[in-house]
Structure formats: C-alpha cells, structure tokens
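# Remarks on the overall topology
Here are the chains, one letter per residue:
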There are 2 protein chains.
Amino acid sequence: MDSSSTFSVTYKIVADSLPAAEEISESIAVEQSVEMPPATVAKHLKGGIGRVERIKRIDDTSWETEIHFSTSLVDGDPVQFLNVLLGNSSLKPGIRIVDLDKSYLSSILDGPSFGISGIRTLLNVFNRPLSCTALKPVGSSIKELADKAFQFASGGIDLIKDDHGIANQSSAPFKERVATVCKAIEKGEQKSGKKTLYFPNVTGSPREVTDRARFAKETGADGVLISPQLTGPAQMRDLAASDLNLPIMAHPAFSGSIVNHKQNGISAEIYYGLIWRAFGADSIVYPNAGGRFSFDLAECKSINLMCRDKNIGMAPSFPTPGGGIERSTVHKWKQEYGPDTIFLIGGSLYQHPKGLEIAVTEFQQKLVNNE
Amino acid sequence: MDSSSTFSVTYKIVADSLPAAEEISESIAVEQSVEMPPATVAKHLKGGIGRVERIKRIDDTSWETEIHFSTSLVDGDPVQFLNVLLGNSSLKPGIRIVDLDKSYLSSILDGPSFGISGIRTLLNVFNRPLSCTALKPVGSSIKELADKAFQFASGGIDLIKDDHGIANQSSAPFKERVATVCKAIEKGEQKSGKKTLYFPNVTGSPREVTDRARFAKETGADGVLISPQLTGPAQMRDLAASDLNLPIMAHPAFSGSIVNHKQNGISAEIYYGLIWRAFGADSIVYPNAGGRFSFDLAECKSINLMCRDKNIGMAPSFPTPGGGIERSTVHKWKQEYGPDTIFLIGGSLYQHPKGLEIAVTEFQQKLVNNE
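Please read these numbers as outputs of a predicted model, since none were measured by experiment.

Each helix and strand counted, chain A has 15 helices and 13 strands in total. Against the globule reference of 21 Å for 371 residues, chain A gives a C-alpha radius of gyration of 22 Å, in line with a compact fold. Here chain A, with 371 residues, has 64% of them falling under the buried criterion. Here the analysis covers contacts within chain A between residues at least 6 apart in sequence; of these, 72% occur between residues at least 24 apart. In the form shown here, chain A has an accessible surface area of approximately 12,600 Å², with 49% of it arising from carbon and sulfur atoms. Charge centroids of chain A, computed over 39 positive and 42 negative side chains, lie 6 Å from each other.

Contacts between the two partners involve 75 residues from chain B, matched on the other side by 76 residues from chain A. Here chain B meets chain A over a buried area of about 6,100 Å², counting both sides, of which 59% is carbon and sulfur. On the surface where chain B and chain A come into contact, there are two salt bridges. Here Lys136 of chain B and Glu35 of chain A are joined by a salt bridge, their closest N and O atoms 3.6 Å apart. On the surface where chain B and chain A come into contact, there are 24 residue pairs in polar contact (both at pLDDT 80 or more). Looking at the side of chain B that touches chain A, the elements with two or more residues in it are helix 2 (78-86), helix 7 (206-219), helix 8 (228-231), helix 9 (233-241), helix 10 (256-259), strand 10 (264-266), helix 11 (268-278) and helix 14 (347-350) of chain B. Within the side of chain B that touches chain A, the residues separate by chemical class into 30 nonpolar, 33 polar and 12 charged.

Counting 217 residues, the largest nonpolar core has Tyr272 and Ile275 of chain A together with Tyr272 and Ile275 of chain B as the members making the most contacts within it. If we skip the residues at most four places from it in the chain, Tyr272 of chain B touches Leu91 of chain A together with Pro252, Ser255, Val259, Arg277, Ile284, Tyr286, Phe295 and Ile303 of chain B.

So, on to the relation of the copies chain B and chain A. Rotating chain B by 180° and translating it 0.0 Å along the rotation axis places it on chain A, where the RMSD comes to 0.0 Å. With respect to symmetry, the two chain copies, as superposed, fit the operation of a two-fold axis. Minimal C-alpha separation from the rotation axis in chain B is found for Gly232 of chain B, amounting to 2.1 Å. Residue by residue, 100% of the interface of chain B is reproduced at the interface of chain A, so both copies engage with the same surface.

Looking now at the side chain of Thr71 of chain B. Residue and element names in this part refer to chain B. Among the secondary structure elements, Thr71 is positioned in the loop between strand 3 (62-70) and helix 2. Residue class for Thr71 comes out buried when judged on its relative accessible area of 16%. The residues contacting Thr71, other than those within four sequence positions of it, are Ser5, Thr6, Phe7 and Tyr104.

So, about the side chain of Gln169 of chain A. Checked against the element boundaries, Gln169 of chain A lands in the loop between strand 6 (159-162) and helix 6 (174-192). Apart from the residues lying within four places of it in its own chain, the contact partners of Gln169 of chain A are Val138 of chain A together with Ser72, Leu73, Asp75 and Gln80 of chain B.

What follows deals with the pattern of salt bridges. Residue and element names in this part refer to chain A. All chains considered together, the criterion is met by 36 salt bridges over all chains. Across the pair Lys92 and Glu31 runs a salt bridge whose closest N-O atoms are separated by 2.9 Å. Residue Lys92 is located in the loop between helix 2 (78-86) and strand 4 (95-100), and its partner Glu31 is located in helix 1 (residues 18-31); the two are separated by 61 residues in the primary sequence. Here Lys92 matches Glu31 in class, with each residue buried. Across the pair Lys301 and Glu336 runs a salt bridge whose closest N-O atoms are separated by 2.7 Å. Pair noted here: Lys301 is in helix 12 (residues 297-308) and Glu336 is in helix 13 (residues 330-337), with a separation of 35 residues, a long-range link. Residue class for Lys301 comes out partly exposed when judged on its relative accessible area of 31%. Classification of Glu336 by relative accessible area gives partly exposed; the value is 29%. Salt bridges here are not isolated pairs; linked through shared partners, they connect Arg128, Asp158 and Lys194.

Another point: the confidence of the model for chain A. Chain-level statistics for chain A give a pLDDT mean of 96 and a share of 99% at 70 or above. What the predictor reports for the complex is a pTM of 0.97 with an ipTM of 0.97.

All right, on to the state of the cysteines then. All names here are of chain B. Here the structure, examined in full by the defined rule, presents zero disulfides over all chains. A disulfide-free cysteine, Cys132 has its sulfur positioned 14 Å from the sulfur of Cys307, the nearest such atom. Of all cysteine sulfurs in the structure, the one in Cys300 sits closest to Cys307, which takes part in no disulfide; the separation is 11 Å. Taking relative accessible area as the criterion, Cys307 reaches 0% and is therefore assigned buried.

On to the pairing of strand 2 (residues 51-57) of chain B. All names here are of chain B. Of the strand pairs in this sheet, strand 2 and strand 3 are connected by six bridges, and their pairing is antiparallel. Bridged to Ile55 within strand 3 is Thr65. Between the antiparallel neighbours strand 2 and strand 3 lie four residues.

Time to look at the packing of aromatic side chains. Overall, the coordinates contain 24 aromatic pairs over all chains when judged by the stated rule. Ring geometry for Phe7 of chain B and Phe69 of chain B: centres 5.9 Å apart, planes at 40°, overall tilted. Linking Phe7 of chain B in strand 1 (residues 6-14) with Phe69 of chain B in strand 3, this pair joins segments that are 62 residues apart in sequence. Accessibility classification places Phe7 of chain B together with Phe69 of chain B in one group, the buried group. Ring centres of Trp333 of chain B and Tyr337 of chain B lie 5.1 Å apart, and the angle between their planes is 45°; on these two criteria the pair is classed as tilted. A residue pair is termed a helical-turn pair when its members lie 3 or 4 positions apart in one helix, as Trp333 of chain B and Tyr337 of chain B do in helix 13 (residues 330-337) at four residues. By the burial criterion, Trp333 of chain B is buried, and Tyr337 of chain B matches it. Taken together through their ring pairs, the aromatic side chains of Phe7, Phe69, Phe81 and Tyr104 of chain A make up a single cluster. The positively charged end of Lys187 of chain B is found above the aromatic ring belonging to Phe150 of chain B, 4.9 Å away from the centroid. A cation sits over an aromatic face here: Lys332 of chain B above Trp333 of chain B, 4.3 Å from the ring centre.

Residues and elements named next belong to chain A. Their axes nearest at 8 Å, the elements helix 11 (residues 268-278) and helix 12 cross at an angle of 20°. Taken as axis vectors, helix 11 and helix 12 run roughly parallel relative to one another. Judged by the twist between their axes, the crossing of helix 11 over helix 12 is right-handed. Across the interface between the two elements, Ala268, Glu269, Ile270, Tyr272, Gly273, Leu274 and Arg277 of helix 11 pack against Glu299, Ser302, Ile303, Met306, Cys307 and Arg308 of helix 12. Looking at the contact of helix 11 with helix 12 residue by residue, the classes come out as seven nonpolar, two polar and four charged.

Residues and elements named next belong to chain B. The strand order across the open sheet built from four strands is 7-6-5-13, with neighbouring strands paired in parallel fashion. Edge positions in the open sheet fall to strand 7 (197-199) and strand 13 (342-344), since each of these has one partner strand only. Ignoring which end each strand starts from, the neighbouring axes of this sheet average 25° apart. When strand 5 (residues 130-135) meets strand 13, the two strands line up parallel, connected through three bridges.

Turning our eyes to something else, we now look at helix 11 of chain B. Residues and elements named next belong to chain B. When you tally the buried positions in helix 11, you get 10 out of 11 residues, the bulk of the element. The set of residues buried in helix 11 consists of Ala268, Ile270, Tyr271, Tyr272, Gly273, Leu274, Ile275, Trp276, Arg277 and Ala278. Where helix 11 ends, the next residue or the one after it, Gly280, has phi of about 110°, a positive value.

Rules and cut-offs
Residues numbered from 1 in each chain as written. Chains lettered and ligands numbered in written order. Predicted model: local features only at pLDDT ≥ 70, side-chain atom pairs only at ≥ 80, totals over all residues. Heavy atoms only, no water. Helix = DSSP H or I, 4+ residues; strand = E, 2+ residues; numbered from the N terminus. Rg over C-alpha atoms; globule rule 2.2 N^0.38 Å. Buried < 20%, exposed > 50% of the residue type's maximum accessible area, 1.4 Å probe, protein only. Contact = heavy atoms within 4.5 Å. Areas by Shrake-Rupley, 256 points an atom, 1.4 Å probe, with all protein chains shown as cover. Lys, Arg positive; Asp, Glu negative; His and termini not counted. Charge placed at Lys NZ, Arg CZ, Asp CG, Glu CD. Buried area = accessible area lost by both parts, 1.4 Å probe. Salt bridge = Lys/Arg side-chain N within 4 Å of Asp/Glu carboxyl O. Polar contact = N/O pair within 3.5 Å; in protein donor to acceptor, adjacent residues only side chain to side chain. Nonpolar A, V, L, I, M, F, W, Y, C, P; charged D, E, K, R; others polar. Core = buried A, V, L, I, M, F, W, Y, C linked by side-chain atoms within 4.5 Å. Least-squares fit on C-alpha atoms with pLDDT ≥ 70 in both. pLDDT = per-residue confidence, 0-100. Disulfide = S-S within 2.5 Å. Pairing = 2+ DSSP bridges. Phe/Tyr/Trp six-rings, centres within 6.5 Å; stacked < 30°, edge-to-face > 60°. Lys NZ or Arg CZ within 6 Å of the ring centre and 35° of its normal. Axes fitted to C-alpha atoms, helices over the stretch in contact; angles between N-to-C directions. Parallel < 35°, antiparallel > 145°, perpendicular 65-115°, else oblique. Left-handed = near helix turned anticlockwise from the far one by under 90°.

This is the structure in structure tokens:
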C-alpha cells in the first residue's frame, strides 16, 4: 500500500501515563486502518497501518495524539473517510476527535455550494446578521402553517425553515404544504417589500430526500433543511452536488451523542463546523449557549470560527445558533457573534404578545440597527 | 391533532429529586413533539404534546420516565420516528433511551427479510452457531483477498464478510474484487463440500450502496455488509425492502457514541437489537465483551436476547459478537450465548500458525461438536 501520502487526525485520549497513552495511540492507529494484529499484516502492507506522529500531555489524565493515515485507506470516498476517522474507535471509551487535516478534507469534499456569500446574495443583504425562524408546531394544518409563514414574511424575516419535526405527516403533507407556504411567503414579501427565503424540511429516506428537494425547487422554495445525522451525511453531500442548486441548512437532530460527551465522539467545532461544512451545509444550526441545551459560550464561538474559517479550501458556512435565543437577548448575541451569523429564534417570537409580524419587525430592527 | 393513538418511549434521566425528574420529563415530552413553549401551542394542538405517563426512581440520581407520543407525530415515517425518539434531546445531557414500544415499531418497520431462519436456510444449518470471518486487511490486492477467501471457504466457514474498512479503494476496487472473491469462494466450496456465504461491504453514498448491492447480487454474492450509522439506517431499510432479496449484516462502525455513554444516547440492546433489527438487519455485529471493546457480558446478553425476541412482530436477527473473540474461547462463548449466534472471528484466525484453512476447520469443529 502506498503510504507516501497521508492525512492527520488528532484525538484526545484518556490515559494515566505516557506508556498507556502510547498504547492507546497505537491501538487507534491499527483499529482505524488494517484492523488486525500488526504481526498478521504482510510486510508490504504495513505501510497502510496508521502512524502515531506526536503525543502531547494535556493534563493528568488526558493527552492529544496525532495519527497519520495513508490516503489510500480512503481514496477520495467521504463515507469511508468518516469510517477511518472514528469507525470502530467510536466503540471504545476515552477517544475523541479534536482536529483533522483540513487540506485533505477539502481535497475530497467540495463544501457548501452557496456558503455565506451565496446566501447573502440571494437576500441582497451583506453587512448584518440574518434572521431566521421555524414554522411550527407539528400537527398544525397547512393553512395554519401558511398563515404563520405569511406573518413572518410580512414582518420581513430573512429565512423561514420548517421545524425539523415537520416531515410528511398527514396533518400537513409535504407537497401541498410546501406549495401553499411558498405562496403565502410571496404574499408576505409583497407586504414587506423584501425577500424571505423558505427552507422546507426534506429529511427522510434517500428517495424521499431527493424527491422532496426536487419538488421544493420546482415549487419555488429557496433551499432545504436536512438533519444529516438522520439521513447520513453523504445524503447532504449528494444534494449539495446535485443540479438542484439549492442552499442547505443542516439541523443537529440526533447528533448530540456524537458531540456532547467530552471524552468521546467528535468535538462540536470539528463535527459541525468542519465535517458538516465539508459535506455541503451552507448553514449549520447548533444549540446556542444560555438556552435549554448544554453547549457553553466557548464551544459556540469555536463552531462559529470553524464555520467561517477562510483558510480552508471551501466556502464558509453560516453558523446558525438556535434553541432558546430570546428576543430580548438578540443584541447581546449580535455583539458576541458578529455579522456573519444567522440567528434562529422560534419560541420567543411565538410568545410575542403583539403577534408574529410585529415580533419579526422588532427582531429585524435589532439586526439592521448598527448599534 | 389526533392524540388517541400513542406509542411509548422510556428514558433514563439524571435528576437529583422528583420535582427535577418531573421537570426534565416534561421538557422531553415537549422537545420531542411540538418543540415550543406549551403556552404558545394552540388549544386544539395540545394533544400533540408528549405525555409523561410514569416516573420511577432508579437510584439517588437516576429515574426512568415513560413518555407517550401521538403516532400522528410520525405517521409511519421511520426516519421521523428516530427524530421523535431522540432528535433534539440527544443534545441535552443525561437523557438515554432504555425502552420503546415494540408493537408500534413493528407496525412501521418490517424488520429483517431473512432473519435467523432465513440465513440458516441459505446454509442448511439449523442447530448450531454459525462461523464468520472478515476479509482483510485493507490495502491487500484483489488476488490476496481472493486467496484468503479461498482458504476460508476451503476450511468450511459459514460466512465471510468484507472488513468494514474495505470499500472501493484502488487497491481492490469493489466490482472486480467482489467478482473475483465470489469465484474463489466457489472453488473453496468445492473443496469443503459445504456452502460459504459472502457478504461484501456496500457502505457508501446512497447511490453507491444501491449500485454495489445490485452488482453484488448479480455477481453471486449472498448478502451485503453495511454500516448503518455511516449511511443512515433508512438506507439499510430500503435495501431490505428492495427486490434484491439479499440478507444484510449491520456493522457498528461510527455508532459507538450513540450507545457507549451510559447517560446519553440509546442503550445498545435497544439501538442494535431492536432499532437496527427493525430497519432490516438480518445479522447485527456488536463488540463482544472481553475483547478490546468496552461492552460487558450483561450488555452483550441483552443485545442477544433483544435480537432474538420472538414476541415482536418481526423476524429475529442473528446477534453477531465480534472484535477480539479468540479461537481458544469459542467454546466458552458458545456455552454463554447459545446456538442462535454468529461468531465473528478475525485477527485470531489470521494468527493461527498453520494457516487460515486449518484455523477455520478447528473453529468449525468447535461449533459443530455438541459439547
């Protein structure tokens, strides 16, 4: 096996001594490549075994270990890349990915097809954060959802996405719902005098994702919402690479187990900000600090930085904090996160005593005003 | 929303008092259904909010809470079912699924199309555990892999699967590899006088999975290996429901983060033994106790029981413990797990000083002998 070309992955591991850290590192290098005792690997194939390049102590029980893998293990296949990153090692405790080779990643994946600038161009808005809300709750009729969409658009919101729990239920079947909501948003746009983008949820089985995304495009929706952890990330990549030419908002449903446990899985900045970006997410929804989820401010800021990093060979994605942002805290978050952010507010807009249109107008003013 | 028909999900949650447990339970019931403050949900839609049915103390800091969700949240969509189970709640700490409504599950998913009896029929072996090994390592040429497959089949092994890290690398491209390995196994079968099933790895992007599975079928492979956590489980369901009529072995690559952390995700017995079974896995590979992975014996036995449970409206799946089973411990595991088990041994067969054919012959004898 040609081992001359490699890519690096950095794991944070739990070990109580350097020898233990070395042993774990070697076991990852083997597990994620040949996956058999090195003594049983023929000599000419030993170059295919991962190589431990560097071990660094972080504190008494944790270490960072950088492992180099031959690119021939992957040969350009993004799904196999994920497998080499963490496949079997996901099943062992105390192994977490905290960094990986960005230039290699961008050599096998194209990233977002719109990115921050592409979405800004669709809206003709270039200097401020964008506003976003969710159509909900599940169970509402098409008329109820369309009426809310009209009010949101009338207030001038930048983006409306479906709630990630609205799929193809009989209460509001996908096709009729998307067609009706698109029309309602058009009417709202006439009132507001500005563009509102609509991203219906296309999460489903492979064929459903493709069919729904095509229908969304043909019916005038402006993008799609997908939960890559439910569909598999390659489904998102295929959408981004398709001829549909639709921006993609990625939703973190079901992905918490990958990022949430500090000693396992993949760090949130790498998984959302780098891997999902590489698989084609133009906007990346994540649970904001201070809300009802468990990310802290530093974690959120790292995701933002990674989404926007210009030193990676792919377009930047819009970080899209959501989940418990309040109308009253928009100003604070705007200062904290800066203009290249989509703020996703659901519940707090629905709670406005004067209704959705006024709620959005106020939300919008807070983003437009250059305070 | 019609809330008359419901399904139950049982979560283990972390809380230090009954009021705290109640609060968390209510928050799951809302998060996994309407996902907005109940005060903002219109009266006629409140029936769509999950209902906390029962809270039981487990110990000082953990509780089991049973929540009933309206089936109208799912309306028969298996991907949306996963979303209702754990979507956003995966992002909160201390919430783990430990049980769910089996009769509802079997009403929306068909389960394995072969199951234990179907795979036994293919092999004409009815009263003993089955033997399985993996073709590896990645990087080997097609000739090297085919030569190993020939030796395994000559020894009379029941099943050969590709290593889950062998995809479509240039060292052994999928189509030529599968065709050549199928022929080598045929030759081995002539020597052994018995059937050996071959399951090539079809994990990849949606189109690749479909193309590879079709090619495998046309070329004479007997089943397929897939890693559902990498492809998305709906991809496996679509394969199982397709006209290909191929048994499916599910590999746990990348799924460890879902099952491994005792306070998050989904218990291994429910995720592998019930959910993957429902999504169509005829054989379910999991990391065995005592090997290099972290499951304990009780966990493995629960997976076995769940895979084989006959009181669920779908065919039983073959539990397939692997990852560090030794030749020398086969007898012990046979006693421990019983006949309806596929034992997957990789490294230990490759380490046999007398070669693969003899290694398999001995492995096979241990399974056949009625000790």
